[in-house]
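Residues per chain are reported as follows:
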Amino acid sequence: MRTPVIAGNWKLFKTIAEATSLVNDLKPLVSGTAGVEIVVAPVFTALSRVAEASAGSNIRLAAQDCFWEEEGAFTGEVAPKLLKDAGCSHVIIGHSERRQYFGETDESVNKKVKAAIGAGLTAIVCVGETLAEREADKTFAVIETQVRGGLADITAESLKQVVIAYEPVWAIGTGKTASDAQAQEVHAFIRCLVAKLLGQPSADAVRILYGGSVKPDNVKGLMAQADIDGALVGGASLKADSFAAIVNYAG
Ligand code: PEP
């Protein structure tokens, strides 16, 4: 059995005070939730304060990106071990917004994934096709390239510290969700690919999240799919009640 992961990506929203207040509002709404890995990803500046606010709760902390070097003359970058130091257990890597606006490539994703694993973090590795790619029937080719590139040289043992997030770019922040069947089809493809790369036990164990306009009213259908093991949630994670409703999808 794969433990579902529901992760909230707060993107570039919320001051330290707003972020701590959101996690404080969220805590009682999810304190009784068992069997779900709950993760929130505030901006870097709020990480340590959100870590303090969520200490002792069932809410885990993720950063939204990291660098691959441990230290050095890399102005503006943050190393995985410093994220750990700030209280993170997870880090999102290769989000489509980083690929689109900040030149993230499969190669840089791969370096970051390895560095994150080395620092003891769980990497939430994002992949997803654009609308033009889907319309040109390139979805599977794009996903295969991103998964192979992002996970190059990752061993079956290291994969235990990887969660894959399938996020069709056309569904992120647009209100357009992939249908349950569209999402399941790509998730099954990713799981088969992982089996080819690292063997069936790794494929059976790896969590594959869906992301793209997940809301309280569509999460149940998505989570009912055989290969969907959770959600990476943007907009709906910015309010405690809607994120809690997604976390508590089972009931
Ligand atoms: C995301 O940021 O990863 C995301 C899926 O956003 P949204 O839920 O707003 O589409």
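Preceding this section is the structure that the text describes.
Residues numbered from 1 in each chain as written. Predicted model: local features only at pLDDT ≥ 70, side-chain atom pairs only at ≥ 80, totals over all residues. Heavy atoms only, no water.

Draft legend 1. Spatial organisation of the nonpolar core. Ile6, Val113, Ile164, Ile190 and Tyr210 are the most contacted members of the largest nonpolar core, which totals 69 residues. In terms of residue count, helix H8 (residues 180-198) provides more of this core than any other element does, six residues in total. Setting aside residues up to four positions removed in sequence, Tyr210 forms contacts with Tyr166, Pro168, Ala171, Thr177, Ala178, Ala183, His187, Leu222, Ile228, Gly230, Ala231 and Leu232. Counting residues in hydrophobic clusters, the runner-up holds twelve residues, among them Val5, Ala62, Ile124 and Leu209. (Core = buried A, V, L, I, M, F, W, Y, C linked by side-chain atoms within 4.5 Å. Buried < 20%, exposed > 50% of the residue type's maximum accessible area, 1.4 Å probe, protein only. Helix = DSSP H or I, 4+ residues; strand = E, 2+ residues; numbered from the N terminus. Contact = heavy atoms within 4.5 Å.)

Draft legend 2. Up close: the sheet that holds strand E5 (residues 122-127). Judged by pairing direction, the barrel is parallel, and its eight strands sit side by side in the order E1-E2-E3-E4-E5-E6-E7-E8 before closing back on the first. Averaged over all adjacent pairs, the angle separating strand axes in this sheet is 25°, with direction ignored. Bridging between strand E2 (residues 37-41) and strand E3 (residues 59-63) involves three bridges; their strand directions are parallel. For Val39, the partnering residue across the bridge sits in E3 and is Arg60. Contacts between helix H2 (residues 47-54) and the sheet are confined to E2 and E3, with E3 contributing the most and set at about 170° to the helix. Its contacts with the sheet place helix H5 (residues 106-118) against strand E4 (90-93), E5 and strand E6 (162-166), and it is angled at close to 175° to E4. (Pairing = 2+ DSSP bridges. Axes fitted to C-alpha atoms, helices over the stretch in contact; angles between N-to-C directions.)

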